Amino acid sequence: MSALTTTPDGFLLDGAPLRIISGALHYFRVHPDHWPDRLRKARLMGLNTVETYIPWNLHQPEPGTLVLDGLLDLPRFLRLAATEGLHVLLRPGPYICAEWDGGGLPHWLTADPDIRLRSSDPRFTDAVDRYLDLLLPPLLPHMAASGGPVIAVQVENEYGAYGDDTAYLKHLEAALRTRGVEELLFTCDQADPEHLAKGSLPGVLATGTFGSRIDRSLERLREHQPQGPLMCSEFWIGWFDHWGGPHHGRDAADAAADLDRLLSAGASVNIYMFHGGTNFGFTNGANHHHTYAPTVTSYDYDAPLTEHGDPGPKYHAFREVIARHAPVPDEPVPVPARKLPPTTVELTHRRPLLTSVPAKAVPAPADPLSADALGRRAGYVLYRTTLPAEGPGLLHFTGGVGDRAQLFVDGAPVGVLERERQEETLPVRVPRAGAELHVLVENMGRVNYGPRIGTPKGLLGPVTFDGTPLHGWDCHPLPLDVPPPRPFAPDPTPLSAEPAFHHGTFEVGTPADTFLSLPGWTKGQAWINGFHLGRYWNRGPQRTLYVPAPVLRPGTNDLVLLELHATTATRAHLTDAPDLGPAAH
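Report on the accompanying structure. Note that the structure is predicted; figures quoted are calculated from it, not measured. (Residues numbered from 1 in each chain as written. Predicted model: local features only at pLDDT ≥ 70, side-chain atom pairs only at ≥ 80, totals over all residues. Heavy atoms only, no water.)

Another point: the overall build of the protein. On a plain count of helices and strands, the protein comes out with 10 helices and 36 strands. In summary, the protein has a C-alpha radius of gyration of 25 Å against a globular reference of 25 Å for 585 residues, a match within 12%. Taking the principal axes of its C-alpha atoms as reference, the protein extends roughly 80 × 55 × 40 Å. Burial status across the protein gives 59% buried among its 585 residues. Sequence-distant contacts, at least 24 apart, represent 79% of the contacts inside the protein between residues at least 6 apart. One way to put it: in the protein the 49 positive side-chain charges average out to a point 2 Å from where the 66 negative ones average out. (Helix = DSSP H or I, 4+ residues; strand = E, 2+ residues; numbered from the N terminus. Rg over C-alpha atoms; globule rule 2.2 N^0.38 Å. Buried < 20%, exposed > 50% of the residue type's maximum accessible area, 1.4 Å probe, protein only. Contact = heavy atoms within 4.5 Å. Lys, Arg positive; Asp, Glu negative; His and termini not counted. Charge placed at Lys NZ, Arg CZ, Asp CG, Glu CD.)

As structure tokens, then:
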């Protein structure tokens, strides 16, 4: 039996002093075939521990289910960490933030408008309990008490920034203990006296999250907790990006100097992120402070190990710092992995979206149904109705759209509305009474932080044309986790003025990492061999999508794009370097 315990100023593991030097590595943001490589590179940088969240919404897509395979095979990830000789800090939430869709809370739970999220509301805690009943049994063999790598487990996540329901935190503590978790429990909060007071529990180690002002942050943590280890459970060494914003970076020397200050003070640390990875598919979150701001597909985070697993400037700088305070392996430092030679892909076939939607729809005799009412966590919803009169008029969407709507009258595009711009009204000209109105609504990512978690998606209320209510909607949920089956038709013209799937093939000799570049394309989704790479958008800052080598195969490979706007492009490019936009420090 291994046990992590605390002293007045540090940790003991099996009675021997342990300084935790950890790095965040989210298994669900990394292709499973790359887990061994990323874990080895964590150890070679000098880390003795890795930390990961657990995303409730993916592991339990529906009540009563539990998914533990592929990208979500957490037991395998824990076994690989143990094989590499790494300890693990486990952060099961239930809320994780993480710039992850909905902060990890399931859409089927947040769709209840009356539920009090992250509170002792029995409707919330009962759902958490049922989830833990399923999640924890397969994880218990990997806990330190059973000889596994997990030495500590987090209770909630930065709760002091959200609420002050101590009964809720106590419920979570008891939920973990009564289900067999014997390991050290900890909370984490921003190093602010109010946050620490509201987010911590007696008898549970309080840790801090901060990226600078090291001495002051540790001082505040010590003021809150006079005895026990000092630990920065999220040492922010980079940041995440929003569509339309800058690509964030942090100078490696500056971050390394602060890491040195932390370790020189005797503190333990979890570097956030050691390796950021990718928001594959529809998994990115969003912020909504003053306006809605969705997170990009890349979660590179300007981390020591880049999104594609190569050591960056911080990797070498941090390794030098860690070597001053702890042993680092006497092994060669990793070098960049081989990349696929530049390749051009001709997209020769097309399938229009509006005309290829299955005929079966969910009828809404009065107002349109939201995506949440239709049971959709992510993806798109296509709405269809008819317009009562011809001529110019104003379409008004009560409550706006969630999050971006493209409008078509008799198949012709007439405009776009965006939640980001708080748009609710669009002037249109209707060619005839009874003209078809299509509204394609894209979920750009669920809010992951603050009081707006659970904000619904799709059309959010009644729709009128010049004050006349539009009723009789057909609602088509379009999950698009995988592209539609082929064959697509040969593309008769280079110009597509409507949303359409585009398909092409390319040849690969030996698979290697590559980056999908889409000059001339506007906005949409990309799949290679059925693997959902994620969202692209020429708004930037991200200009390429990471393609992990295991997604490719020797011989012929398939690329499918869902392009939502007009494009004259007929090609895509696989390049040997990423383009995440110019760094803004």
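Considering the arrangement of structural elements, one finds Gln525 in strand 31 (residues 523-528). Relative accessible area serves as the criterion here: at 0%, Gln525 is assigned to the buried category. Each C-alpha atom of the pair Gln525 and Asp258 lies 39 Å from the other, and the pair is 267 residues apart in sequence. Beyond its immediate sequence surroundings of up to four residues, Gln525 is in contact with Phe282, Tyr380, Glu442, His532, Gly534, Arg535, Tyr536, Val560, Leu561 and Leu562. There is a polar contact of 2.9 Å between the side chain of Gln525 and the side chain of His532. (Polar contact = N/O pair within 3.5 Å; in protein donor to acceptor, adjacent residues only side chain to side chain.)

Another aspect to go through is the packing of aromatic side chains. Counted by the stated rule, this structure contains 24 aromatic pairs. With a centroid separation of 4.9 Å and 15° between ring planes, the pair formed by Trp56 and Tyr131 is classed as stacked. Taken as a pair, Trp56 in helix 2 (residues 56-59) and Tyr131 in helix 5 (residues 122-139) lie far apart in primary sequence, 75 residues in all. For Trp56, a relative accessible area of 0% corresponds to the buried category. (Phe/Tyr/Trp six-rings, centres within 6.5 Å; stacked < 30°, edge-to-face > 60°.)

Taken residue by residue, helix 8 (residues 214-224) has Ile214, Ser217, Leu218 and Leu221 as its buried positions. The arc that holds the buried residues of helix 8, viewed along the axis, is 95°, so those residues lie on one side. Pointing more than 90 degrees away from the buried face of helix 8 are the exposed residues Asp215 and Glu223. Packing partners of the buried residues in helix 8 comprise helix 7 (193-199), strand 9 (205-210), strand 10 (231-236) and helix 9 (252-264). (Arc of directions from axis to C-beta.)

Let us look at the sheet that holds strand 22 (residues 425-430). As summarised here, the arrangement of the four strands in space is 22-18-25-26, forming an open sheet in which the pairing is antiparallel. On the outer flanks of this sheet lie strand 22 and strand 26 (468-469), each paired with one strand and no other. Sheet topology places strand 18 (residues 391-397) next to strand 22; six bridges connect them, and they run antiparallel. In the strand pairing of strand 22, Gly393 is matched with Val428. (Pairing = 2+ DSSP bridges.)

Turning our attention to the sheet that holds strand 2 (residues 11-13). Taken in spatial order, the three strands line up as 1-2-3 in an open sheet, and their pairing is antiparallel. The sheet is open, and its two edges are formed by strand 1 (4-6) and strand 3 (16-18), each paired on a single side. Strand-to-strand twist across the sheet, computed as the mean angle between neighbouring axes with direction ignored, equals 40°. By the bridge criterion, three bridges tie strand 2 to strand 3 in an arrangement that is antiparallel. Looking at the pairing, Leu12 lines up with Pro17 of strand 3. (Axes fitted to C-alpha atoms, helices over the stretch in contact; angles between N-to-C directions.)

Moving on: the packing of helix 1 (residues 35-45) against helix 10 (residues 313-325). Following both chains from N to C, one finds helix 1 and helix 10 inclined at 45°, their axes separated by 9 Å at the closest point. Here helix 10 runs oblique to helix 1, going by the angle between their axes. Residue-level inspection shows Lys41, Leu44 and Met45 of helix 1 in contact with helix 10, the latter providing Tyr315, Phe318, Arg319 and Ile322. Here the residues of the contact of helix 1 with helix 10 sort into five nonpolar, no polar and two charged. (Parallel < 35°, antiparallel > 145°, perpendicular 65-115°, else oblique. Nonpolar A, V, L, I, M, F, W, Y, C, P; charged D, E, K, R; others polar.)

A pair can form between side chains of opposite charge whenever their charged atoms are brought close. By the definition in use, this model includes 36 salt bridges. The shortest N-O distance in the salt bridge between Arg250 and Asp254 comes to 2.8 Å. Relative accessible area serves as the criterion here: at 15%, Arg250 is assigned to the buried category. Look at Asp254 and you get partly exposed, because its relative accessible area is 38%. The closest approach of N and O atoms between Arg432 and Asp410, which form a salt bridge, is 3.0 Å. Of this pair, Arg432 sits in the loop between strand 22 and strand 23 (436-442) while Asp410 sits in the loop between strand 20 (404-409) and strand 21 (412-418), and the two are 22 residues apart along the sequence. (Salt bridge = Lys/Arg side-chain N within 4 Å of Asp/Glu carboxyl O.)

Moving on, we get to helix 10. Lys314, Tyr315, Ala317, Phe318, Arg319, Val321 and Ile322 are the residues of helix 10 that are buried. Tucked inside the fold, the buried residues of helix 10 contact strand 4 (21-25), helix 1, helix 9 and strand 12 (268-275).

This part is about the pairing of strand 20. Among the six residues that make up strand 20, six are buried, leaving the element largely enclosed by the rest of the structure. On strand 20, burial covers both faces: Arg404, Gln406 and Phe408 on one face and Ala405, Leu407 and Val409 on the other are all buried. The pairing of strand 20 with strand 21 spans six bridges and is classified as antiparallel. Across the sheet, residue Val409 finds its bridge partner in strand 21, namely Ala412. Here strand 20 folds back onto strand 21 in antiparallel fashion, the turn holding two residues, of which Asp410 has a positive phi close to 50°. Where strand 20 and strand 23 come together, six bridges link them in antiparallel fashion. Bridging from a neighbouring strand, Phe408 pairs with His438 of strand 23.

Mapped onto the secondary structure, Ala252 falls in helix 9. Ala252 has contacts with Pro313, Lys314, Ala317 and Phe318, leaving out every residue within four places of it along the chain.

To continue, consider the packing of helix 5 against helix 6 (residues 166-178). Where helix 5 contacts helix 6, the two axes come as close as 11 Å, and the packing angle between them is 20°. The orientation of helix 5 relative to helix 6 falls into the category roughly parallel. Seen from above, helix 5 lies across helix 6 with right-handed handedness. The segment helix 5 lies against helix 6, with Phe124, Thr125, Val128, Asp129, Leu132 and Leu136 engaging Tyr168, His171, Leu172, Ala175 and Leu176. (Left-handed = near helix turned anticlockwise from the far one by under 90°.)

Strand 17 (residues 380-386) sits mainly inside the fold: five of its seven residues count as buried. As defined by bridge partners, strand 17 adjoins strand 23 across seven bridges and the pair is classed as antiparallel. Across the sheet, residue Leu382 finds its bridge partner in strand 23, namely Leu440.

Geometric descriptors of this kind do not, in isolation, establish any biological role.
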